[in-house]
Amino acid sequence: MNWDDESVPTTADRLVGADADGEDQAVEAALRPKALEEFVGQERVREQLDLVLKAARQRGGTADHVLLSGAPGLGKTTLSMIIAAEMGAPIRITSGPAIQHAGDLAAILSSLAEGEVLFLDEIHRMSRPAEEMLYMAMEDFRVDVIVGKGPGATAIPLELPPFTLVGATTRAGLLPPPLRDRFGFTGHMEFYAPAELERVIHRSARLLDVGIDAEGAAEIAGRSRGTPRIANRLLRRVRDFAQVKADGRITREIAARALDVYEVDGRGLDRLDRAVLQALLKLFGGGPVGLSTLAVAVGEERETVEEVAEPFLVREGLLARTPRGRVATRAAWAHLGLVPPQGAGPGQDGLFGP
């Protein structure tokens, strides 16, 4: 179902998507903090990681292996680069999907210098043979390279220099326990509070040479879904609007007008999110409704609704997953300015009360 007679945006089109595209990666490189003291937010992880790195420097050795988990856009890659900078070591960056064979991992590990940091993004997507090789590399700094095939195959042990592995994952539950247990430090990245995002926005605005007042930063922060990457992306779009439609300075009014143009509302919902809520409320009376039926109603694939739109709607308390299907909460009706029908149905008992 299309409420505006226009196509609903796909994952790649979303201004509030947490994944980074080419433009984001280029801008993030310029905006990334270079030291732990410059890193905004994640106070507990920062404090713990600071102790780990300082202790390693005092011992004159390499830091323990580090596992960072959390949603996309919260700063896992940035922290990995800070770890390398704090240790005064080079960093090698790769990803789980890029390592499909044990030989791929062996080639990377054998070329590491002593003390080097290896950042392995989306570590849960690494192939099983490579994963098993990584166990020994992390624990004993050694890998066995298999030469030949069949009965004549020979395992040649290859000693590795001490290194620090920094693994990043958005789905920590998919990591096998033997791999998780080999990390000396595990940090979970939380979503940012609005006040923390305001600090991120002010810092980025200074680096981008953009004038912004406190209320303008607060307006952008409130629509950024608790994610610095989204905050920086919205800041750039608001900057463009302020440059073309105003005097270049970002105020609350300018930020609100700009983000209304880009169809990001006051709670950070975009057209896809609102299309899901509108279908759920207007077509199905608030639910319960099955995921496949809801996906057909908004003209999207089932996976797009489940993996792209639903997580934020559930986190915001606008939608609930129940055994009978998806159900809108009272907050969803209020957000769209609609009144829940009387006797909304048994599927909504407990959400709307008697």
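Just above sits the structure.
Residues numbered from 1 in each chain as written. Predicted model: local features only at pLDDT ≥ 70, side-chain atom pairs only at ≥ 80, totals over all residues. Heavy atoms only, no water.

Trainee: Is there a simple way to explain the overall build of the protein in this structure?
Mentor: Within the protein, the regular secondary structure consists of 14 helices and nine strands. In the protein, of all internal contacts separated by at least 6 residues, the share reaching a separation of at least 24 is 70%. Element-wise, carbon and sulfur atoms account for 51% of the exposed surface of the protein, whose accessible area totals about 16700 Å². (Helix = DSSP H or I, 4+ residues; strand = E, 2+ residues; numbered from the N terminus. Contact = heavy atoms within 4.5 Å. Areas by Shrake-Rupley, 256 points an atom, 1.4 Å probe, with all protein chains shown as cover.)

Trainee: Would you explain the sheet that holds strand β3 (residues 117-121) in this entry?
Mentor: If you walk across this open sheet you meet the five strands as β2-β3-β6-β1-β7, and the pairing is parallel. Strands with a single pairing partner mark the edges of an open sheet, and in this sheet they are β2 (91-95) and β7 (185-188). Strand-to-strand twist in this sheet, taken as the mean axis angle between neighbours without regard to direction, amounts to 15°. Of the strand pairs in this sheet, strand β1 (residues 66-69) and strand β6 (residues 164-169) are connected by four bridges, and their pairing is parallel. Bridge pairing in β6 links Leu68 to Ala168. (Pairing = 2+ DSSP bridges. Axes fitted to C-alpha atoms, helices over the stretch in contact; angles between N-to-C directions.)

Trainee: Honestly, the environment of Arg257 in this entry has me stumped. Any pointers?
Mentor: Here Arg257 shows up in helix α10 (residues 252-261). Residue classification places Arg257 among the partly exposed positions, given a relative accessible area of 37%. Taking the C-alpha atoms as reference points, Arg257 and Val238, separated by 19 residues in sequence, lie 8.7 Å from one another. (Buried < 20%, exposed > 50% of the residue type's maximum accessible area, 1.4 Å probe, protein only.)

Trainee: Got a minute to help me understand the packing of helix α12 (residues 291-298) against helix α13 (residues 302-315) in this structure?
Mentor: Relative placement of two packed helices is described by the angle separating their axes and the distance separating the axes. It is at 8 Å that the axes of α12 and α13 come closest, and there the two elements cross at 90°. With respect to α13, the element α12 is oriented roughly perpendicular. Of α13, the residues touching α12 (which contributes Leu291, Ser292, Leu294, Ala295 and Val298) are Arg302, Val305, Glu306 and Glu310. Of the residues assigned to the contact of α12 with α13, the class counts are five nonpolar, one polar and three charged. (Parallel < 35°, antiparallel > 145°, perpendicular 65-115°, else oblique. Nonpolar A, V, L, I, M, F, W, Y, C, P; charged D, E, K, R; others polar.)

Trainee: Is there a simple way to explain the packing of helix α9 (residues 228-245) against α10 in this structure?
Mentor: Interhelical geometry of α9 versus α10 gives an angle of 105° and a closest axis separation of 9 Å. In this view, α9 runs roughly perpendicular relative to α10, as classed from their interaxial angle. Between α9 and α10, the contacting residues are Leu234, Val238, Phe241 and Ala242 on the first element and Ile254, Ala255, Arg257, Ala258, Leu259 and Val261 on the second. Classifying every residue of the contact of α9 with α10 by side-chain character gives nine nonpolar, no polar and one charged.

Trainee: How should the pairing of β3 be read in this particular structure?
Mentor: Strand residues, when the strand is regular, have side chains that alternate between the two faces of the sheet. When you tally the buried positions in β3, you get four out of five residues, the bulk of the element. As paired elements, β2 and β3 share five bridges and run parallel to each other. The residue bridging Thr94 from the neighbouring strand is Leu120, located in β3. Running through helix α4 (residues 102-110), the crossover from β2 to the neighbouring parallel element β3 is right-handed. (Right-handed = clockwise from strand over helix to strand, strands pointing away.)

Trainee: Looking at this model, I keep getting lost on the environment of Ala106. Mind explaining?
Mentor: Topologically, Ala106 is positioned in helix α4. Given the relative accessible area of 12%, Ala106 is considered buried. As for Ala106 and Ala130, which are separated by 24 residues in sequence, their C-alpha atoms are 8.3 Å apart.

Trainee: Sorry if this is basic, but what is going on with a nonpolar patch on the surface here?
Mentor: On the surface, Val145, Ile156 and Leu158 cluster together into a nonpolar patch covering about 200 Å² of accessible area. Checked against the element boundaries, Ile156 lands in strand β5 (residues 154-159). The class of Ile156 is partly exposed, set by a relative accessible area of 43%. (Patch = residues over 30% accessible without salt bridge, like charges linked within 9 Å, V, L, I, M, F, W, Y side chains within 5 Å. Salt bridge = Lys/Arg side-chain N within 4 Å of Asp/Glu carboxyl O.)

Trainee: Looking at this structure, I do not really get the nonpolar core. What am I missing?
Mentor: As a rule of thumb, nonpolar side chains are buried together in soluble globular proteins. Residues Leu79, Ile201, Ile212, Ile220 and Ile250 are the most contacted members of the largest nonpolar core, which totals 47 residues. If you tally residues by element for this core, the top one is α9, at seven residues. Excluding anything up to four places from it in sequence, Ile220 contacts Ile201, Ile212, Ala231, Leu234, Leu235, Val238, Ile250, Ala255 and Leu259. (Core = buried A, V, L, I, M, F, W, Y, C linked by side-chain atoms within 4.5 Å.)

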